[in-house]
Amino acid sequence: MYLSQLTLDDSRRSVLWRQQRYRVHQRLMMGCGDDARMLYRLHETPTATLLVQTTSEPDWLAAFGEFPVLAIPPEVKPFEPRFFDGEMLAFRVLANPTVKRDGKRLGLYKIEEQLEWLKRKAEMGGFAVVSVNVQPAGNMTAWKGTQDSVRAMQMRFCAVQYDGSLQVRDAGAFTETFCSGLGSAKGFGFGLLSVARVLVSEV
């Protein structure tokens, strides 16, 4: 797998582009071929950056060669996800916690519901939440299609950032979760699970 950091400039083109998450996804896919598991997360502060996870080496020149919005050359590093049962990890994920009711996907806006959503995903995804800080980010609005087109569809996503620690319970299931992302709306910048090993000191 590969992890890329794309630092964006502050040009008007860059600002307008990253406000349209569907366009961001389309542009990133130009550098990822048919990688159906491409995941990304946009950070606006202190510098606008895109963190992109791909299963194969991306070609960012194909995506941005004629669309100059990068402030510096892309930073790309390969890695191989390896986890084991009982391992403790720090994690961060920007997620779209939802529930399906009457055939519709509805956002969860109560902290209690957002916590329960994460616990359910953890149980299915091979890990347990040890501690977590929930930071609701309200609604994220996105357009699918050209915004001024009569066929454009405005979409709203409940956005929540989870930061905390987890314990791997099933390494195989957790690896699948890590590679495929957590929750829905991945094409709009949700679901990328960032982890780091926690050093446990011996007494």
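The structure this text deals with has already been given above.
Just so we're clear, the structure is a prediction, and the values are computed from it rather than from any experiment.

Basis of the calculations
Residues numbered from 1 in each chain as written. Predicted model: local features only at pLDDT ≥ 70, side-chain atom pairs only at ≥ 80, totals over all residues. Heavy atoms only, no water. Helix = DSSP H or I, 4+ residues; strand = E, 2+ residues; numbered from the N terminus. Rg over C-alpha atoms; globule rule 2.2 N^0.38 Å. Buried < 20%, exposed > 50% of the residue type's maximum accessible area, 1.4 Å probe, protein only. Contact = heavy atoms within 4.5 Å. Areas by Shrake-Rupley, 256 points an atom, 1.4 Å probe, with all protein chains shown as cover. Lys, Arg positive; Asp, Glu negative; His and termini not counted. Charge placed at Lys NZ, Arg CZ, Asp CG, Glu CD. Pairing = 2+ DSSP bridges. Axes fitted to C-alpha atoms, helices over the stretch in contact; angles between N-to-C directions.

## Considering the overall build of the protein chain
Turning to step 1, where the next piece is worked out: When helices and strands are tallied, the protein chain shows five helices and ten strands.
Turning to step 2, where the next piece is worked out: Since a compact globule built from 203 residues should have a radius of gyration of about 17 Å, the 17 Å found for the protein chain is in line with a globular shape.
Turning to step 3, where the next piece is worked out: With respect to the three principal axes, the spread of C-alpha positions in the protein chain is 55 × 40 × 30 Å.
Turning to step 4, where the next piece is worked out: Looking at the protein chain as a whole, 41% of its 203 residues are labelled buried.
Turning to step 5, where the next piece is worked out: Long-range contacts, defined as pairs at least 24 residues apart, comprise 71% of the intrachain contacts of the protein chain with a sequence gap of at least 6.
Turning to step 6, where the next piece is worked out: Just so you have it, the protein chain exposes about 11300 Å², and 50% of that area is on carbon and sulfur atoms.
Turning to step 7, where the next piece is worked out: Separation between the mean location of the 25 positive side-chain charges and that of the 22 negative ones in the protein chain comes to 8 Å.

## A look at the sheet that holds strand S3 (residues 49-54)
Turning to step 1, where the next piece is worked out: Taken together, the four strands give an open sheet; going across it, the order is S2-S3-S1-S4, and neighbouring strands pair in antiparallel fashion. What marks the edges here is a single partner per strand, and that holds for strand S2 (39-43) and strand S4 (75-78). Across the sheet, the axes of successive neighbouring strands diverge by a mean angle of 15°, strand direction being ignored.
Turning to step 2, where the next piece is worked out: Bridging between S2 and S3 involves five bridges; their strand directions are antiparallel. What sits directly across from His-43, in S3, is Thr-49.
Turning to step 3, where the next piece is worked out: Sitting on the sheet, helix H2 (residues 21-30) touches strand S1 (2-7), S2 and S3, and the angle it makes with S2 is about 130°.

## Topic: the pairing of strand S5 (residues 88-95)
Turning to step 1, where the next piece is worked out: Sheet topology note: the S5/strand S9 (residues 153-168) ladder contains eight bridges and is antiparallel. What sits directly across from Ala-90, in S9, is Ser-165.
Turning to step 2, where the next piece is worked out: Bridging between S5 and strand S10 (residues 194-197) involves four bridges; their strand directions are antiparallel. Bridging across to S10, Leu-89 finds its partner in Arg-197.

## Structural notes on the environment of Gly-33
Turning to step 1, where the next piece is worked out: Its location among the elements puts Gly-33 in the loop between H2 and S2.
Turning to step 2, where the next piece is worked out: Classification of Gly-33 as exposed rests on a relative accessible area of 53%.
Turning to step 3, where the next piece is worked out: Expressed as a C-alpha distance, the spacing of Gly-33 and Pro-58, which sit 25 residues apart in the sequence, is 7.9 Å.

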